[in-house]
Amino acid sequence: ASTVPVIAIDGPTASGKGTVAHGVAEALGWQVLDSGALYRLTALAATRRGVDETDEAALGQVALGLDVLFSSGRIYLDGDDVCEAIRQEAIGNLASRVAALPAVRAALLARQRAFRQPPGLVADGRDMGSVVFPDAALKVFLVADVEARAERRCKQLIEKGISANLADLLRDMRERDARDANRQVAPLAPAEGAVELDSSRLSARQTIQAILDLWKARAR
Ligand code: CDP
Ligand code: CDP
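The shown structure was predicted, so the numbers you read here are calculated from the model rather than taken from an experiment.

## Focus: the site of ligand 1
Close contacts around ligand 1 come from 20 residues, with T13, R40, R105, R176 and D180 the closest. One of the side-chain N or O atoms of R105 is found 2.7 Å from an oxygen atom in ligand 1. The contact in question runs from an oxygen atom of ligand 1 to an N or O atom on the side chain of R176, over 2.9 Å. Here ligand 1 loses 96% of its free accessible area of 510 Å² to cover by the protein chains. For the shell around ligand 1, the secondary structure elements donating two or more residues are helix 2 (35-49), helix 4 (89-98) and helix 8 (166-182). Ranked by residues supplied to the shell around ligand 1, first place goes to helix 2 with 4 residues. Considered class by class, the residues forming the shell around ligand 1 number 5 nonpolar, 5 polar and 10 charged.

Rendered as structure tokens:
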């Protein structure tokens, strides 16, 4: 087992995991793993290669062979900057479907664990505390009302110049929540020992601070 500490932040879509994980990692000077990006990259690579979304073996191979580079806050697939491309809702929805396939999840396991480098790692996703880093020093299950999450996502997309509709987002989000919670492998649920944190009425800064406070309380 690794002695490098991990803070696992899991939760539903748009609960603020990515933003908060980056903030916590920055405050501590730690590495960060956006595990959802790996599922999104698998979805994008499969789309580009014309792989059928029901062909589990082929999707597992795509996940295993991903040529990705995380560098200076950008993400490259086969040498192309795909930071914007992987954030499209269509890719997020496909990511959620391919993430239900055991072959894809197994293929991404070693790649995720390789991010565990000194002095520590903040990892966000759905199963960071339960499957990928079960020995995480702190496990946070970050939640927020679906309405708050849909509004955040809508604002985020519009700020990026991507058109978004609140009613559509709300419908897709409920669908994605149900799929992530009900799938057979690694369903979305708090890991054993996870602290549940509701950010519906917190700003991103307040949420980051709450996690840093939890970390300080543990480390003492
Ligand atoms: O940003 P958002 O929460 O919508 O999604 P994401 O974290 O980028 O992940 C995209 C999809 O990948 C999710 O809907 C999950 O189904 C899946 N995922 C997963 O199954 N396990 C993870 N550790 C991370 C993401
Ligand atoms: O990674 P995940 O899908 O859980 O969410 P995100 O993409 O990090 O966050 C969605 C949006 O919510 C971002 O624009 C954040 O600035 C905003 N937000 C937040 O992350 N936390 C709050 N407590 C309030 C807003």
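## Some details on empty space enclosed by the protein
In the structure shown here, the tally under the stated rule is 1 cavity of 30 Å³ or more. Considering only enclosed or pocket space, the largest cavity measures out at about 30 Å³ in volume. In this structure, the largest cavity is lined by T13, E89, L169, D172, M173 and R176. Per element, the largest residue contribution to the lining of the largest cavity is 4 residues, and it comes from helix 8.

## Some thoughts on the site of ligand 2
Of all residues adjacent to ligand 2, which total 16 residues, the nearest are A14, K17, G18, T19 and L202. A204 places a main-chain nitrogen or oxygen 3.4 Å from a nitrogen atom of ligand 2. Separating a nitrogen atom of ligand 2 from a side-chain N or O atom of T207 is a distance of 3.3 Å. With the chains in place, 80% of the 540 Å² that ligand 2 exposes on its own is no longer accessible. When contributions to the shell around ligand 2 are tallied by element, the ones reaching two or more residues are helix 1 (17-28), helix 7 (146-159) and helix 9 (204-219).

## What about the UniProt feature "domain: Cytidylate kinase" (unreviewed entry) in the protein?
In the numbering used here, UniProt assigns the "domain: Cytidylate kinase" (unreviewed entry) feature to residues 7-215. Secondary structure across residues 7-215 comprises 51% helix and 16% strand; the distance between its end C-alpha atoms is 8 Å.

## Structural notes on the packing of helix 2 against helix 4
At a minimum axis separation of 8 Å, helix 2 and helix 4 run at an interaxial angle of 100°. With respect to each other, helix 2 and helix 4 are oriented roughly perpendicular. Contacts between helix 2 and helix 4 involve Y39, R40, T42, A43, L44 and T47 on the former and, on the latter, I91, G92, L94, A95 and V98. A breakdown of the residues in the contact of helix 2 with helix 4 according to their chemical character gives 7 nonpolar, 3 polar and 1 charged.

Criteria and thresholds
Residues numbered from 1 in each chain as written. Chains lettered and ligands numbered in written order. Predicted model: local features only at pLDDT ≥ 70, side-chain atom pairs only at ≥ 80, totals over all residues. Heavy atoms only, no water. Near = heavy atom within 4 Å. Polar contact = N/O pair within 3.5 Å; in protein donor to acceptor, adjacent residues only side chain to side chain. Areas by Shrake-Rupley, 256 points an atom, 1.4 Å probe, with all protein chains shown as cover. Helix = DSSP H or I, 4+ residues; strand = E, 2+ residues; numbered from the N terminus. Nonpolar A, V, L, I, M, F, W, Y, C, P; charged D, E, K, R; others polar. 1 Å grid on protein atoms, 1.4 Å probe; cavity = no way out; pocket = protein on both sides within 12 Å on 5 of 7 lines; lining within 4 Å. Points joined across faces, edges and corners; volume = space filled by probe spheres on them. UniProt positions renumbered as here; feature names shortened; annotations may be inferred. Axes fitted to C-alpha atoms, helices over the stretch in contact; angles between N-to-C directions. Parallel < 35°, antiparallel > 145°, perpendicular 65-115°, else oblique. Contact = heavy atoms within 4.5 Å.

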